[in-house]
Amino acid sequence: MILYEAYSEEEIRHYAILEKVTDVPIRNRYGEFLMAAFRISCHGLITEHLALYKDLNSNMPKPPLPVRINSACVTGDVFGCYRCDCKWQLDESLRYIESSGAGFLVYHPTHEGRGSGLVAKLKSYDLMDNGLSTAQAFRSLGLVEDNRQFLFSVVILREFGITNVELLTNNPQKIRALQSMGIVVEKVIPLVMPTQDPQILKYLRSKRDDMGHLFPGDL
Ligand SMILES: [Zn+2]
């Protein structure tokens, strides 16, 4: 199982928001939200990130704010592929934020394939079909199991002055990332997809066993 390093203030100094657009109203099947987009530079590389949020001001005096850090998954989010729980988690998070009346979702398009991209992801699917776990597949491709940088999320949360959160996640690294940067995680809301699909169950077990995700033991 991978053990993550905590982030430091030293590292986040390499991140800078170059450009942003905020408070763009959008409507979707879950409700009404505001959207923001950012161009962020990190060590000379510029990437774009999104946030979707609602009613921050009314919630701010009484934190914690429901927060989801969401990695892009084109195969799941767009094509509805039944290999992972990403789309379900995204839907569930938006539903939760809408029903809470306030919340914040950061969406990282560059976190596709756990930060290694679409080519690596599809190669890993092929290897997983031949019996490897997700972590084994990534390692056999010469990649780390998780190449995502959650400091992008911290930069965006800080930009909005978000200090106390209830975090929608099963991923202990996301909890640790925020905590190590001084964001108080008051509560963790698990997102466990109810499924009997053997392929998705295998993927969830692999996240639990290889990456330490906080799933119930009887998954
Ligand atoms: Zn996915």
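Structure: above.
Calculation notes
Residues numbered from 1 in each chain as written. Predicted model: local features only at pLDDT ≥ 70, side-chain atom pairs only at ≥ 80, totals over all residues. Heavy atoms only, no water. Helix = DSSP H or I, 4+ residues; strand = E, 2+ residues; numbered from the N terminus. Expected span 1.5 Å × (residues − 1). Buried < 20%, exposed > 50% of the residue type's maximum accessible area, 1.4 Å probe, protein only. Contact = heavy atoms within 4.5 Å. Polar contact = N/O pair within 3.5 Å; in protein donor to acceptor, adjacent residues only side chain to side chain. Core = buried A, V, L, I, M, F, W, Y, C linked by side-chain atoms within 4.5 Å.

Asks: Outline helix α9 (residues 198-211), supporting the account with residue identities and numerical values.
Replies: In this model α9 runs 19 Å from its N-terminal to its C-terminal C-alpha over 14 residues, within 8% of the 20 Å that 1.5 Å per residue would give. Residues of α9 that are buried include every one of Ile-200, Leu-201, Tyr-203, Leu-204, Ser-206, Lys-207, Arg-208, Asp-210 and Met-211, and no others. Where the residues of α9 are buried, they touch α4 (86-100), α6 (134-140) and α8 (172-180). The opening residue of α9 is Asp-197, an N-cap whose side-chain oxygen sits 2.9 Å from the backbone nitrogen of Gln-199. Positioned one or two residues after α9, Gly-212 has a phi angle of 75 degrees, which is positive.

Asks: If you had to explain the nonpolar core to someone new, which residues and values would you point to?
Replies: Grouped together as the largest cluster of nonpolar side chains are 33 residues, with contacts concentrated most on Phe-104, Phe-160 and Leu-178. Those elements giving two or more residues to this core turn out to be β2 (31-42), β3 (45-54), β4 (65-71), β5 (103-108), α7 (151-159), β6 (164-168) and α8. No other element matches α7, which puts six residues into this core. Sequence-distant contacts of Leu-178, that is, excluding residues within four places in its chain, are made with Ile-69, Val-154, Leu-157, Val-165, Leu-167, Ile-183 and Val-185. Core analysis: the next-biggest nonpolar cluster, separate from the first, contains ten residues, Cys-73, Cys-86, Phe-215 and Leu-219 among them.

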